[in-house]
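Per-entry structural report
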Amino acid sequence: MVYHVQFPGLGLEFTINRVALSIGGFNIYWYGVIIAVGMLLALLYAFRHAVDFGIDSDRLVDVVAIGTVMAIVCARIYYVAMAPFEYNSVWEMIDIRLGGIAIYGAVIGAFVFGGLAAKWRKIPLLPLFDLVAIGFLIGQGIGRWGNFVNQEAFGTNTTLPWGMYSEETKAYLQSVQVTLPAGVTVDPSMPVHPTFLYESIWCLVGFLALALYVKHRRFHGQIFLLYAIWYGLGRGWIEGLRTDSLLIGNTGLRASQLVAYASALMAFFLLVAGLRRTKGKTLMVTLAVRDIKKEEAAGERFSPDVLAASASHAEFLAATDAMNDRLDALDLDAPDLDIEELEDPEPEQMPEESSLSQETAAQEETAPQPEEEDQKAAASQTQAPQ
């Protein structure tokens, strides 16, 4: 359980115990602790910035819980399906303590089942994917250090100053589970690429870049596509250095490398299409409603407010609170009066008054006019005998 790790080119040496704590014979490993820390930091970021994406943090809890559980399950299923050896029983397949999870399985599980949970909890899907993508980079950047503690997920030999060596890397490279590109050989006694470190740095740099860019996004889902491109390109290159890749059957193709490049390519085309469609437009975010049931009951009497995605975190907080206060103050029992009903109606005439006015109008039409009477009088005078 104790490893002696060396970086000969840097003159560094570490003694690492895989076990962080033992309680009653039950071991808690540093790998699990580091993964948990990465997930916790990702969750803290997600819950703090949920309002900026129009997501209610209370409903986000359910989505995160389902997505996390299914991410672990799918990570194990992905690994078992691609494992270069056969398991002796179903119990071995599900015993995650023996090691063996695949990050792409976790990503697929989290987004698929988290997306289904978002539909159930009525959380906007694409903004959720944007938020979770940034959190994934935090979790992956921190979690990769669990591979360092376990002395796994390393690469082929290297003469670079940061080349890593330990008895564990030597023992693994002497085993039969090593997968190498055609024509590539390794010397178990020589330092290897610390690919866990490469991926950790790649993910943390990606997190900083996307966190700084997020206020400039042009459409919902853009951050998720940028994540797929960034991580896909990095993982595809790093996977080519590793000696423990999962292969697709007997094809010799590295599963994660193929998935990485394919997802990056697809995301690139979708990104270009999205940027063309939204050229010159400002992305507006529908603010998060806390009481969904009351919003639905209010109908046309309440409409959620919107705010530009470029607005500050403080502006999102203030606008969201003001909107929800307005919804809380809405009295659903009050009569829903139409605007036309509030206008002063024209006075209605009584039936008798109406008939009298009609008779008066008829008499006025038939009564001779003054000018007509004068003309008749003049005509009678001219016809009289002289």
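Refer to the structure presented above.
A brief report on the enclosed structure follows. Remember, it's a predicted structure, so these values are computed and weren't measured experimentally.

Right, let's get into the overall build of the protein chain. Looking only at helices and strands, the protein chain features 15 helices and six strands. Here the protein chain holds 386 residues, and the buried ones make up 38% of them. Surface summary for the protein chain: the accessible area is close to 22,700 Å², and the carbon and sulfur share equals 62%.

Turning our eyes to something else, we now look at the layout of surface pockets. Each pocket or cavity is described by its volume, and for the second largest pocket that value is around 320 Å³. Looking at the second largest pocket, it is lined by 17 residues, and the ones nearest its centre are Tyr104, Val107, Phe224, Ala228 and Ser263. Secondary structure elements with two or more residues in the lining of the second largest pocket: helix H4 (103-121), helix H9 (222-239) and helix H10 (255-277). Residue composition of the lining of the second largest pocket, by class: 15 nonpolar, two polar and no charged.

Time to look at the environment of Val289. On the secondary structure map, Val289 appears in the loop between strand E5 (284-286) and helix H11 (292-298). On the basis of relative accessibility, which here comes to 5%, the residue Val289 falls in the buried class. In sequence terms Val289 and Gly54 are 235 residues apart; their C-alpha atoms lie 8.2 Å from each other. When neighbours within four sequence positions are excluded, Val289 is seen to be in contact with Asp56, Arg59, Glu295, Phe302, Pro304, Met323, Asn324 and Leu327.

It is worth spelling out the packing of H4 against H9 at this point. In the contact formed by H4 and H9, the axes pass within 13 Å of each other and the chain directions differ by 170°. Considering their axes alone, H4 and H9 lie roughly antiparallel with respect to each other. Residues Ile103, Tyr104, Val107 and Phe111 of H4 form the contact with H9, whose participating residues are Phe224, Tyr227, Tyr231, Gly232 and Arg235. When grouped by side-chain class, the residues that make up the contact of H4 with H9 number seven nonpolar, one polar and one charged.

In this fold, Thr169 is placed in helix H7 (residues 167-173). Looking at Thr169, its side chain comes within polar contact range of the main-chain oxygen of Ser166, at 2.7 Å. Setting aside chain neighbours within four positions, we find Thr169 in contact with Gln151, Phe154, Met164 and Val192.

Below, the discussion takes up helix H2 (residues 57-82). If you check H2, its first and last C-alpha atoms are 36 Å apart, about what 26 residues at 1.5 Å a residue would give, namely 38 Å. Within the span of H2, buried status applies to Arg59, Leu60, Val63, Val64, Gly67, Ala71, Cys74, Ala75, Arg76, Tyr78, Tyr79 and Val80. The inward-facing, buried residues of H2 contact helix H1 (30-49), helix H3 (90-94), H4, helix H5 (125-143), H10 and H11.

Moving on to the packing of aromatic side chains. With the rule as written, the count across this model stands at 18 aromatic pairs. Between the aromatic rings of Trp145 and Phe196, the centroid separation amounts to 5.1 Å while the plane-to-plane angle is 75°, which identifies the pairing as edge-to-face. With Trp145 in helix H6 (residues 145-150) and Phe196 in helix H8 (residues 195-213), this pair connects stretches of sequence that are 51 residues apart. Geometrically, the ring pair formed by Phe268 and Phe269 is edge-to-face, given 5.8 Å between the ring centres and 65° between the ring planes. Classification of Phe268 as partly exposed rests on a relative accessible area of 42%. A residue is classified by how much of its surface remains accessible, and Phe269, at 54% relative accessible area, is exposed.

Across six bridges, strand E1 (residues 2-7) lies against strand E2 (residues 12-17) in antiparallel orientation. Of the residues in E2, the one forming a bridge with His4 is Thr15.

About the thresholds
Residues numbered from 1 in each chain as written. Predicted model: local features only at pLDDT ≥ 70, side-chain atom pairs only at ≥ 80, totals over all residues. Heavy atoms only, no water. Helix = DSSP H or I, 4+ residues; strand = E, 2+ residues; numbered from the N terminus. Buried < 20%, exposed > 50% of the residue type's maximum accessible area, 1.4 Å probe, protein only. Areas by Shrake-Rupley, 256 points an atom, 1.4 Å probe, with all protein chains shown as cover. 1 Å grid on protein atoms, 1.4 Å probe; cavity = no way out; pocket = protein on both sides within 12 Å on 5 of 7 lines; lining within 4 Å. Points joined across faces, edges and corners; volume = space filled by probe spheres on them. Nonpolar A, V, L, I, M, F, W, Y, C, P; charged D, E, K, R; others polar. Contact = heavy atoms within 4.5 Å. Axes fitted to C-alpha atoms, helices over the stretch in contact; angles between N-to-C directions. Parallel < 35°, antiparallel > 145°, perpendicular 65-115°, else oblique. Polar contact = N/O pair within 3.5 Å; in protein donor to acceptor, adjacent residues only side chain to side chain. Expected span 1.5 Å × (residues − 1). Phe/Tyr/Trp six-rings, centres within 6.5 Å; stacked < 30°, edge-to-face > 60°. Pairing = 2+ DSSP bridges.

Read these as layout, nothing more, since geometry by itself doesn't imply function.
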